[in-house]
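Spelled out, the chains give:
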Amino acid sequence: QVQLVESGGGLVQAGGSLSLSCAASGRAFNDYPMAWFRQAPGKEREFVAAIAWNGAGTYYVDSVKGRFTISRGNAQDAMYLQMNSLKPEDTAVYYCSTSTRRRSSNWFRPDEYAYWGQGTQVTVSS
């Protein structure tokens, strides 16, 4: 069974930084794309960032470009989201996600993703 566990959320001031982690288990993840989503209160879940199955490509929603960096661990069973220059609008529950499709060529599309972690809360104060 695929399990994804997010960590690293917390409370930071605007302009600060946080680094989120996703620990994956239940299968090998080296051939699967991974992504971060977030959901703010009263809003639809948003596709934030994704990384290709081989780690060679990344995608970011326009609102986080230049501020967030997605990466994978060397063993490919961990994923990270480095968040810099945080804004209050970044406040949300952040979710780790992965696909059921091995070596997917559509890793940059939100409809590729199916598995989810429990989420970690990120709160950015002004």
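Residues numbered from 1 in each chain as written. Predicted model: local features only at pLDDT ≥ 70, side-chain atom pairs only at ≥ 80, totals over all residues. Heavy atoms only, no water.

**Topic: the pattern of salt bridges**
Formally: Counted as salt bridges are all cases of a side-chain nitrogen of Lys or Arg within 4 Å of a carboxyl oxygen of Asp or Glu. Only protein chains enter the area calculation, which uses a 1.4 Å probe; residues under 20% of their type maximum are buried, those over 50% are exposed, and those in between are partly exposed. Only DSSP runs of H or I with at least four residues qualify as helices, and only runs of E with at least two residues qualify as strands; both kinds are numbered from the N terminus onward.
Applying the stated criterion to the full structure yields 8 salt bridges. Where Asp-62 meets Lys-65, a salt bridge forms, and the shortest distance between an N and an O atom there is 3.0 Å. For Asp-62, a relative accessible area of 61% translates into the label exposed. In this structure, the salt-bridge partner of Arg-101 is Glu-112, at a minimum N-O distance of 3.3 Å. Placement of the pair is Arg-101 in the loop between β9 (92-98) and β10 (115-116) and Glu-112 in the loop between β9 and β10, with a sequence separation of 11 residues. The exposure class of Glu-112 is buried, given its relative accessible area of 2%. If you follow the salt bridges from partner to partner, you end up with Arg-38, Glu-46, Arg-67 and Asp-90 in one network.

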